[in-house]
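Chain by chain, the residues run as shown.
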Amino acid sequence: MDEFGFRKKLRFVPGFDKDFFPMSVGNLAYREKLSRTDAVPVVIALERSGGLVSVFQTEVFETGHEQDNMIYVERLLKTLLWLKGGCRVHYCGPVYIAEYLKEQYRPGGKREFDAAFMEKIFGMDFEIILADLEAIPKEKENPKAIGGHFEGCRIGFDAGGSDRKVSAVVDGETVFSEEVVWNPKLAEDPQYQYEGIMDSLKSAASKMERVDAIGVSAAGIYIENEVRAASLFIKVPQHLFEKKVRRMFIDIAGEMGGVPIEVANDGDVTALAGAMSLGENNILGIAMGTSEAGGYIDGDGLITGWLNELAFVPIDYSRNAMEDEWAGDTGCGVKYFSQDGVIKLADNAGIVFEDGLSPAEKLKVIQEMMSENDDRAYKIYESMGYYLGYAVAYYADFYDIGRVLLMGRVTSGSGGEIMTRCAMDVLKEEFPELHKKVVISLPDEKSRRVGQSVAAASLPMIGDAL
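Residues numbered from 1 in each chain as written. Predicted model: local features only at pLDDT ≥ 70, side-chain atom pairs only at ≥ 80, totals over all residues. Heavy atoms only, no water.

Chemist: For this particular structure, what's the right way to read the side chain of Asn225?
Modeler: For Asn225, the location among the structural elements is in the loop between β9 (221-223) and β10 (226-229). With residues near it in sequence (within four places) discarded, Asn225 still touches Arg246, Phe249, Ile250, Ile261, Glu262 and Val263. (Helix = DSSP H or I, 4+ residues; strand = E, 2+ residues; numbered from the N terminus. Contact = heavy atoms within 4.5 Å.)

Structure follows, in structure tokens:
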């Protein structure tokens, strides 16, 4: 990516990533200068299936900063695609920016992955349409209630990338929880994932007199309980995906006696867990594990129906930012708030791991170093906390946030507490108005590790038909 031209000195520099250039700060500098000169309005409307539309308005320089304008709007579009979703992009603004976007998102362009992914999710051709303001579609959202059902005998399953967690919940009381290590992201045959899921479900079922419903929390995109895209099945060939994966959870529910099942993105379940336990709304849930997952409960206690795929949302303008090997893009959340983020910083710190360790095992090494008061491990989590503070300031451009709730294996132990404290320090010093309204917090240790499976158990309503 070309260098973005607007910088401000950071008050908090990650010790093992001196090149970090947070988008929240770059955009703040951009907008400050923009406020003192002539600006041109830009409107982007994202249309997705079901006739739903999300609209975002901003401004760019009228003249003199063409490259910065293009970078700013392209990163904005990338963010909106993965936060809200859409296949038909209606754009109103300078024509040269529209042409730049079309070049980036065309087949063979740098953002080809993003366009193709949206087509896969929504079953529509991806296109960028240059339109007059009058032709921009009106916003149409459809937020919905989620979860909060605990009557009966329920199974909650959390399909993580390095371990799977399951809970048996009877009338709201957890009677059994279990974690099992697995490696679904390495499996080309989806039989591996199927057998692992069934093993966990049957283990939980054996602890109850019956099973009334199953709730599933998993990284990825799920529509009407179908798997549309998920890193759990990243190695599965497309023909097997269509044959064995797309309806896997629906088929599993049938095999478990035809009980109701509800599958939700793990970020939404993280936010749901927070809303239920804290009695709050306006919660952004972030699950840090194999990847970064996001979910959001709005001011009315509803989920928005957006994608909330924070893993693909850019937070770093640096041209030296680590590349996500899947999307082929740099500076995106997956390389900052996941096992990969910890390992990247460990490498920068000069920490050498034994050969053959998995990412989960490398994370465990760093967490053990934390328990031994190793200064390098401390600085890794300090750096991640700085990342987080600046990223939350960027996320706040798109979400009305009252609380950020962190979950996932990466946040376990004292490292999660360091991250939280450092992130709040960033908000206090760099974004004081945001600091007045946003709290970044962790649940207790047990909830951090198995809370999503318990919250997932509350997803389905008993009596739902398959």
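Chemist: Please clarify how the sheet that holds strand β7 (residues 173-181) should be interpreted in this entry.
Modeler: Through backbone hydrogen bonds, the strands of a sheet pair up, either in parallel or in antiparallel fashion. If you walk across this open sheet you meet the 5 strands as β7-β6-β5-β8-β11, and the pairing is mixed. Looking at strand neighbours, the two that pair on one side only are β7 and β11 (261-265), the edges of this open sheet. Along the sheet, successive strands turn relative to each other by an average axial angle of 15°, direction set aside. In this structure, strand β8 (residues 213-218) lies alongside β11, joined through 5 bridges in parallel fashion. Counterpart to Gly215 in the pairing with β11 is Glu262. On the sheet, helix α8 (residues 266-278) packs against β5 (153-159), β8 and β11 and is oriented at approximately 95° with respect to β11. (Pairing = 2+ DSSP bridges. Axes fitted to C-alpha atoms, helices over the stretch in contact; angles between N-to-C directions.)

Chemist: Any chance you could explain the sheet that holds strand β13 (residues 292-297) here in plain terms?
Modeler: Spatial strand order, β13-β12-β16-β17: 4 strands in an open sheet with mixed pairing. Each having just a single partner strand, β13 and β17 (439-441) make up the two edges of the open sheet. Strand after strand, the sheet turns through a mean of 15° between neighbouring axes, direction not considered. Where strand β12 (residues 283-288) and strand β16 (residues 403-407) come together, 5 bridges link them in parallel fashion. Directly across from Ala287, in β16, lies its bridge partner Met407.

Chemist: Would you mind going over the pattern of salt bridges with me for this structure?
Modeler: Opposite charge on two side chains allows them to pair when their charged atoms are near. Considering all chains together, one arrives at 36 salt bridges under this definition. A salt bridge links Glu141 to Arg48; its shortest N-O distance comes to 2.7 Å. Here Glu141, found in the loop between β4 (127-130) and β5, pairs with Arg48, found in the loop between β1 (39-47) and β2 (53-61); they are 93 residues apart in sequence, far enough to count as distant. A relative accessible area of 25% places Glu141 in the partly exposed class. In this structure, Asp114 and Lys78 form a salt bridge, with 2.6 Å as the shortest nitrogen-oxygen distance. Here Lys78 lies in helix α2 (residues 66-83) and Asp114 lies in helix α4 (residues 112-122), a separation of 36 residues in the sequence. Each member of the pair, Asp114 as well as Lys78, carries the same accessibility label: buried. A single salt-bridge network, built from bridges that share partners, covers Glu74, Arg75, Lys78, Arg111, Asp114 and Asp329. (Salt bridge = Lys/Arg side-chain N within 4 Å of Asp/Glu carboxyl O. Buried < 20%, exposed > 50% of the residue type's maximum accessible area, 1.4 Å probe, protein only.)

Chemist: How do you make sense of the packing of helix α1 (residues 23-34) against α2 when you look at a structure like this?
Modeler: In a packed pair of helices, the relevant descriptors are the angle between the two axes and the axis-to-axis distance. In contact at an axis separation of 12 Å, α1 and α2 are set at 135° when each is read in the N-to-C sense. As judged from the angle between their axes, α1 and α2 are oblique. Crossing angle aside, the handedness with which α1 passes α2 is left-handed. Facing α1, whose interface residues are Met23, Asn27, Tyr30 and Arg31, α2 presents Asp68, Asn69, Tyr72 and Arg75. Broken down by class, the residue content of the contact of α1 with α2 amounts to 3 nonpolar, 2 polar and 3 charged. (Parallel < 35°, antiparallel > 145°, perpendicular 65-115°, else oblique. Left-handed = near helix turned anticlockwise from the far one by under 90°. Nonpolar A, V, L, I, M, F, W, Y, C, P; charged D, E, K, R; others polar.)

Chemist: I tried to follow the side chain of Glu47 on my own but got confused; where do I start?
Modeler: Mapped onto the secondary structure, Glu47 falls in strand β1. At 2.9 Å, the side chain of Glu47 forms a polar contact with the side chain of His90. Not counting chain neighbours up to four residues away, the residues in contact with Glu47 comprise Leu52, Val53, Gly86, Cys87, Arg88 and His90. (Polar contact = N/O pair within 3.5 Å; in protein donor to acceptor, adjacent residues only side chain to side chain.)

Chemist: Got a minute to help me understand the packing of aromatic side chains in this structure?
Modeler: For any pair of aromatic rings, geometry is given as the distance between the ring centres together with the angle between the planes. Applying the stated criterion to the full structure yields 33 aromatic pairs. Look at Phe4 and Phe21: their rings are 6.5 Å apart centre to centre, the planes differ by 40°, and that puts the pair in the tilted class. Taken together, the positions of Phe4 in the segment before α1 and Phe21 in the segment before α1 put the pair 17 residues apart, joining distant regions of the chain. Residue Phe4 is classed as buried on the basis of its relative accessible area of 1%. For the ring pair Phe4 and Tyr317, a centre distance of 4.2 Å and an interplane angle of 15° mean the geometry is stacked. With Phe4 in the segment before α1 and Tyr317 in the loop between β13 and β14 (323-324), the pair connects residues that are 313 residues apart, well separated along the chain. These aromatic residues form a ring-pair network of at least three members: Phe4, Phe6, Phe21, Tyr30, Phe61, Tyr72 and Tyr317. Taking NZ or CZ as reference, Arg7 lies 3.8 Å from the ring centre of Phe21, over its face. We note Lys120 situated over the ring of Phe117; from NZ or CZ to the ring centre the distance is 6.0 Å. (Phe/Tyr/Trp six-rings, centres within 6.5 Å; stacked < 30°, edge-to-face > 60°. Lys NZ or Arg CZ within 6 Å of the ring centre and 35° of its normal.)

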